[in-house]
Protein chains: 2
Amino acid sequence: MAQPDETHDEALFSWLKSANQHPDFPIQNLPMGVFKTRDLPPRCGVAIGDEIIDLAKLATSSPFDGLAGEALSTLTGKTLNPFIQLPRSYSAAFRLALSRSLRAGSRLEAIVRETLISKHDVEMCLPCSIGDYTDFYTSIHHATAVGKLFRPDNPLLPNYKWLPIGYHGRASSVVVSGQQVYRPNGQVLRPNSNEPVMLPSEKLDYEAELGIFIGCPSPQFSPLEIEQAEKHFFGVCMLNDWSARDIQAWEYQPLGPFLSKNFVTSISPWIVTAEALIPFRVQPTKYSDRPYVAALNSPFNTSNGGLDIQMRVSLRTAQMKASNEAPVTLSKTSFKHAYWTVAQMISHHTTTGCNLNAGDLFGSGTQSGPEPEEAGSLLELTEGGKKPLTLPNGEQRTFLEDGDEIILSGFCISSSGLRIGIGNVSGQIASTTPGPGAPMFSGQSL
Amino acid sequence: MAQPDETHDEALFSWLKSANQHPDFPIQNLPMGVFKTRDLPPRCGVAIGDEIIDLAKLATSSPFDGLAGEALSTLTGKTLNPFIQLPRSYSAAFRLALSRSLRAGSRLEAIVRETLISKHDVEMCLPCSIGDYTDFYTSIHHATAVGKLFRPDNPLLPNYKWLPIGYHGRASSVVVSGQQVYRPNGQVLRPNSNEPVMLPSEKLDYEAELGIFIGCPSPQFSPLEIEQAEKHFFGVCMLNDWSARDIQAWEYQPLGPFLSKNFVTSISPWIVTAEALIPFRVQPTKYSDRPYVAALNSPFNTSNGGLDIQMRVSLRTAQMKASNEAPVTLSKTSFKHAYWTVAQMISHHTTTGCNLNAGDLFGSGTQSGPEPEEAGSLLELTEGGKKPLTLPNGEQRTFLEDGDEIILSGFCISSSGLRIGIGNVSGQIASTTPGPGAPMFSGQSL
């Protein structure tokens, strides 16, 4: 990975007023996404201040030369895939050219200004076509806390510190922020029962994760060394891995979570690129009593493999919404606490020969910090539902109730004060409303 | 599902000589796939006798009316996806029109004959773009045999008879028959050791499965009742879920198999449609001490939910190939022994609201029959590697060795003698040959 360059300079000043000192989308960020408007079909954009650059429109002016120009010409379709599959030199060149075009005094101001659309006039879409989705388990604090609920004396399994545990998730049900989440029905084995019942999940939970997009593809049967891995790291978003804990407990042996996770996974709409994250690189937190295994170790990873991405989870209940109260923060943590880094996840994923495609999505696994109040799920915050949370308005929660909205947000602040936003992903729980022909499952006995 | 109709009539006689009494591709089968030739890019085809119908070429003549004609017009691209997403009425109409065009005396003989390409002149491709791949665990004999290796007194987990256990697999690494399989490297915990080592898998295995393709999509948050499920069943192929048992044993707790399975999954090239399978419908074998749960039960499923698809696994070692010996049969079974049916897999998959897309692939899970010699993997046939198989030429096997070729084939024979082939999927094991820049893992200690 490169060092910070002129695109990260905190002194950069844009001709676009709203970009300067913008808490999420200053000129140093330039995240990429796909949006549509009442009149325009889905198209690629870059967020800057309170505006969005319509890249298809920008491309018609061919304002950039060289790699940046070639890169822009791939951004005229309905997804970012043709762009993110390019070698990283293209995205870096595009970032530099776009940054220069947005600076005060740029000769391209008029051309770029013509392409701006207010963020209030758009609806965000999935940023790319997601071929495969993999969910990791990189927070040792989460793994330990969840393990403790099942195995108090031996919470962490023997393999945890040797390799980044992961499993395949469902790509088809990944949705963009704002999509309502219907409480799933499923088989549940209640305590002191031998027979499961089919009912709407009584233990619906969120999981606060970082989403990681793969860029440049990696072919089958060609494992990626850890040193090569970051060439395939395109960028990040926030990800909520909605989970039905009661369904999960009954179904997951012996092959892992399935229906308890695959009904929906929500992501924030903007991809913050690996280039924009350079100032927020940190040394990974060390928890191990020994170094990483050779295949998952590298000097760069040891010194700069971590990312200090702050994460916040907030809840707004239906009652809070009705009385116009602001969401309440449930937890705060940072991805810097993860036991495994992005490079380690990518390299490990290809060890046996699995290929990666542009637009593949990884979830980092629930991110929980070292302190109990930094936990990234209700399962942990309420100790498996045993200790309800009491909210400021007096309401209590063990798991999510109908009408609850969960908002997961992310941002980075560098040691010198530069701040960029990763974005927000929100979802509100709706009671199960069977669609046409859907089974009436509610509470029925099997 | 419909009853057998004129397209299944055993007396049908084709103007194409090689189709009549063809063991795999008689006029009653008409499986669909994608092929390419030295001169032609990938295109859709139907296998008939020793020939393949070039559907893009056929479409230029617009030989069919109505739904069949509309269906044919979707078959001019590089994948079957635009066709298989259509409602089943289209594929049924297309099948009928194609069957009639191939019968002796058809007025379309000259037009269809013009589109034929010899199967010897083509290379088969993946039949469709696979969005998501899910692997089930439907053989109670496999689940019991594998469970016995780990828990001799309690082999079958309590959830097994209540729901079809499944997990998400890797779609990107599904390949078509013939692709070489490189022995994967991975972390393995050897017996009597506390520290894993990285080495080429010493327990590489096959898993004989049925592949099931989803046709008509099912939207998110709209569970499919069991009665509706088969409308979304497009067809089947044979599937080999290559598995590295030593890597699997170390990595799979607590979230399921990951790298031990995701390096490659091989499928046979032709999709035999649900319509072609109608004569081979059977009552599912009953193993349960009680009926299926209500949500997974239906009169049709109880009477006709099973499919009698015969499966054969053969092995040809490098030594056998060198001395020109034929492959040796390792096991025989039938999908009729599966505990769970296709309709139950589809319905269950959508229970919590997961959407299905056209081209999604399910694996049935390893199919093992009730007798030990009917087991669908070496793990079972050798009791975890403890009892080597002795082959007719004197070679022994516990797991697969370099140069071994596994051929999985499938076919159906009705009670009245009609036979159709499902196809073959083969793969030969190659020693690990690191690609450019790939790590030299061989036997190295961590």
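Because the structure is predicted, anything quoted here is derived from the model rather than measured.

**Details of the packing of aromatic side chains**
Summed over all chains, the structure comprises 24 aromatic pairs over all chains. Arranged with centres 5.8 Å apart and planes meeting at 90 degrees, the rings of A:Phe136 and B:Phe258 form a pair that is edge-to-face. With one member in each of two chains, A:Phe136 in strand β6 (residues 133-136) and B:Phe258 in the loop between α8 (245-251) and β16 (265-267) form a pair that bridges those chains. When sorted by exposure, A:Phe136 lands in the same class as B:Phe258, which is buried. Judged by centre distance (6.0 Å) and plane angle (70 degrees), the rings of A:Tyr137 and A:Tyr160 are edge-to-face. Of the two residues, A:Tyr137 sits in the loop between β6 and α6 (140-150) while A:Tyr160 sits in the loop between α6 and β7 (166-168), which places them 23 residues apart along the sequence. Among the residues examined, A:Tyr137 registers a relative accessible area of 13% and is labelled buried. Across the ring face of B:Phe411, the terminal group of B:Arg419 is positioned such that the distance to the ring centre comes to 4.2 Å.

**A few points about the UniProt feature "domain: Fumarylacetoacetase N-terminal" (unreviewed entry) in chain A**
Within this numbering scheme, the UniProt entry marks residues 28-127 of chain A as carrying the feature "domain: Fumarylacetoacetase N-terminal" (unreviewed entry). What you have in residues 28-127 of chain A is 36% helix and 21% strand, and the ends, taken at the C-alpha atoms, are 20 Å apart.

**A word on unusual backbone geometry**
A negative phi angle is the norm for most residues apart from glycine, just as the trans form is the norm for most peptide bonds. With omega at 0 degrees, the peptide bond leading from A:Gln253 into A:Pro254 counts as cis. One non-glycine residue with positive phi stands out, namely B:Asn324, at about 60 degrees. Mapped onto the elements, B:Asn324 comes out in the loop between α10 (318-322) and β21 (328-334). Note on B:Asn324: relative accessible area 66%, which makes it exposed. A positive phi angle, close to 50 degrees, is found at B:Glu383, a residue other than glycine.

**Some words on the UniProt feature "binding site: substrate" (unreviewed entry) in chain A**
Here the UniProt-annotated "binding site: substrate" (unreviewed entry) positions come out as A:Tyr137, A:Arg151, A:Gln248, A:Tyr252 and A:Thr366. In this structure A:Tyr137 touches A:His142, A:Ala143, A:Val146, A:Tyr160, A:Ile165, A:Ser364, A:Gly365, B:Pro254 and B:Leu255, once residues within four positions along its chain are discounted. For A:Gln248, the location among the structural elements is in helix α8 (residues 245-251). For A:Gln248, a relative accessible area of 14% corresponds to the buried category. Setting aside residues no more than four positions away along its own chain, A:Gln248 makes contact with A:Ser243, A:Pro257, A:Ser260 and A:Lys261.

**Points about the interface of chain B and chain A**
Listed as interface residues are 70 residues of chain B and, on the opposing side, 70 residues of chain A. Taking both partners together, chain B and chain A bury about 6400 Å²; carbon and sulfur atoms supply 62% of that area. The largest contributions to the chain B side of the interface with chain A come from B:His168, B:Phe221 and B:Leu255, which together make up 13% of the buried area. Residue B:Arg170 pairs with A:Asp360 through a salt bridge whose shortest N-O separation is 2.6 Å. Elements supplying a minimum of two residues to the side of chain B that touches chain A: β6 (133-136), β7 (166-168), β9 (181-182), β10 (185-188), α8 and α11 (342-349) of chain B.

**Describing the sheet that holds strand β26 (residues 419-430) of chain B**
Residue and element names in this part refer to chain B. In spatial order, the strands read β9-β26-β25-β20-β21; together these five strands make up an open sheet with mixed pairing. Each of the sheet's edge strands pairs with one partner strand only, and the pair in question is β9 and β21. For strand β20 (residues 310-316) and β21, the ladder comprises six bridges, and the chain directions are antiparallel. Residue pairing for β21: Arg312 is matched across the bridge by Lys332.

**Some remarks on the pattern of salt bridges**
With the rule as written, the count across this model stands at 42 salt bridges over all chains. Among the salt bridges present, the one from A:Glu275 reaches A:Arg88, with a minimum N-O distance of 2.8 Å. Here A:Arg88 lies in helix α4 (residues 88-102) and A:Glu275 lies in the loop between β17 (272-273) and β18 (281-282), a separation of 187 residues in the sequence. Summarising the burial analysis for this pair, A:Glu275 and A:Arg88 share the class buried. Across the pair B:Arg183 and B:Asp402 runs a salt bridge whose closest N-O atoms are separated by 2.8 Å. Of the two residues, B:Arg183 sits in the loop between β9 and β10 while B:Asp402 sits in the loop between β24 (396-397) and β25 (405-413), which places them 219 residues apart along the sequence. Shared partners join several salt bridges into a network, and the residues in it are A:Asp205, A:Glu207, A:Asp241, A:Arg245 and A:Lys261.

**Things to note about the sheet that holds strand β25 (residues 405-413) of chain A**
Residues and elements named next belong to chain A. The strand order across the open sheet built from five strands is β9-β26-β25-β20-β21, with neighbouring strands paired in mixed fashion. Each having just a single partner strand, β9 (181-182) and β21 (328-334) make up the two edges of the open sheet. Pairing geometry for strand β20 (residues 310-316) and β25, over seven bridges, is antiparallel. Looking across to β25, one finds that Ser314 is bridged to Ile407.

**Points about the environment of A:Ala104**
Residues and elements named next belong to chain A. On the secondary structure map, Ala104 appears in the loop between α4 and α5 (109-113). With a relative accessible area of 45%, Ala104 lands in the partly exposed category. As a C-alpha pair, Ala104 and Ser14 span 90 residues in sequence and 4.7 Å in three-dimensional space. Ala104 has contacts with Phe13, Ser14 and Trp15, leaving out every residue within four places of it along the chain.

**A look at the confidence of the model for chain A**
Residue-level pLDDT values for chain A average 94, and 96% of them are 70 or greater. Segment residues 436-446 of chain A: pLDDT under 50, and 27 contacts once partners within four positions in sequence are set aside and those in other chains are kept.

**Focus: the environment of A:Ala143**
Residue and element names in this part refer to chain A. Within the fold, Ala143 resides in helix α6. Residue Ala143 is classed as buried on the basis of its relative accessible area, which comes to 2%. In the structure, Ala143 is positioned 14 residues away from Leu157 in sequence and 8.7 Å away in space, judged by C-alpha atoms. For Ala143, the contacting residues outside a window of four places in its chain are Tyr137, Pro155, Leu156 and Tyr160.

**Remarks on the relation of the copies chain B and chain A**
For these two chains of identical sequence, chain B goes onto chain A by a turn of 180 degrees and a shift of 0.0 Å along the axis, with RMSD 0.0 Å. This pairing of chains is accounted for by a two-fold axis. Taking C-alpha positions as reference, the residue of chain B nearest the rotation axis is B:Gly256, located at 2.2 Å. Taken together, the interface assignments show that 100% of the residues at the interface of chain B recur at the interface of chain A, consistent with an identical surface on both copies.

**Side note on the pairing of strand β1 (residues 32-36) of chain B**
Residue and element names in this part refer to chain B. β1 sits mainly inside the fold: four of its five residues count as buried. With four bridges joining them, β1 and strand β2 (residues 43-48) adopt antiparallel strand pairing. Note on β2: the bridge partner recorded for Gly33 is Gly45. With antiparallel pairing between neighbouring strands as the criterion, β1 and β2 make up a hairpin whose turn holds six residues. With three bridges connecting them, β1 and strand β5 (residues 123-125) associate as antiparallel partners.

**Concerning the domain arrangement of chain A**
All names here are of chain A. Domain boundaries in chain A define domain 1 (6-125) and domain 2 (133-430). For domain 1 versus domain 2, the distance between C-alpha centres works out to 29 Å. Each partner contributes to the interface: domain 1 provides 28 residues, whereas domain 2 provides 27 residues. Buried area between domain 1 and domain 2, summed over both chains or domains, comes out near 2300 Å², and the portion from carbon and sulfur atoms is 63%. Scanning the region where domain 1 abuts domain 2 turns up two salt bridges. At the surface where domain 1 touches domain 2, the tally comes to 12 residue pairs in polar contact (both at pLDDT 80 or more). Ranked by residue count, the leading element in the side of domain 1 that touches domain 2 is α4, at four residues. In terms of residue class, the side of domain 1 that touches domain 2 is made up of 15 nonpolar, nine polar and four charged.

**Considerations on helix α4 (residues 88-102) of chain B**
With 15 residues, α4(B) extends 21 Å between its outermost C-alpha atoms, agreeing within 8% with the 21 Å of an ideal straight helix rising 1.5 Å per residue. For α4(B), the full list of buried residues reads B:Arg88, B:Tyr90, B:Ser91, B:Phe94, B:Arg95, B:Ala97, B:Leu98, B:Ser99, B:Ser101 and B:Leu102.

**Here's the deal with helix α6 (residues 140-150) of chain B**
Of all the positions in α6(B), only B:Ile140, B:His141, B:His142, B:Ala143, B:Val146 and B:Gly147 are classed as buried. Packing partners of the buried residues in α6(B) comprise α12 (378-381) of chain B.

Conventions adopted
Residues numbered from 1 in each chain as written. Chains lettered and ligands numbered in written order. Predicted model: local features only at pLDDT ≥ 70, side-chain atom pairs only at ≥ 80, totals over all residues. Heavy atoms only, no water. Phe/Tyr/Trp six-rings, centres within 6.5 Å; stacked < 30°, edge-to-face > 60°. Helix = DSSP H or I, 4+ residues; strand = E, 2+ residues; numbered from the N terminus. Buried < 20%, exposed > 50% of the residue type's maximum accessible area, 1.4 Å probe, protein only. Lys NZ or Arg CZ within 6 Å of the ring centre and 35° of its normal. UniProt positions renumbered as here; feature names shortened; annotations may be inferred. Contact = heavy atoms within 4.5 Å. Buried area = accessible area lost by both parts, 1.4 Å probe. Salt bridge = Lys/Arg side-chain N within 4 Å of Asp/Glu carboxyl O. Pairing = 2+ DSSP bridges. pLDDT = per-residue confidence, 0-100. Least-squares fit on C-alpha atoms with pLDDT ≥ 70 in both. Domains from an automatic or database assignment. Polar contact = N/O pair within 3.5 Å; in protein donor to acceptor, adjacent residues only side chain to side chain. Nonpolar A, V, L, I, M, F, W, Y, C, P; charged D, E, K, R; others polar. Expected span 1.5 Å × (residues − 1).

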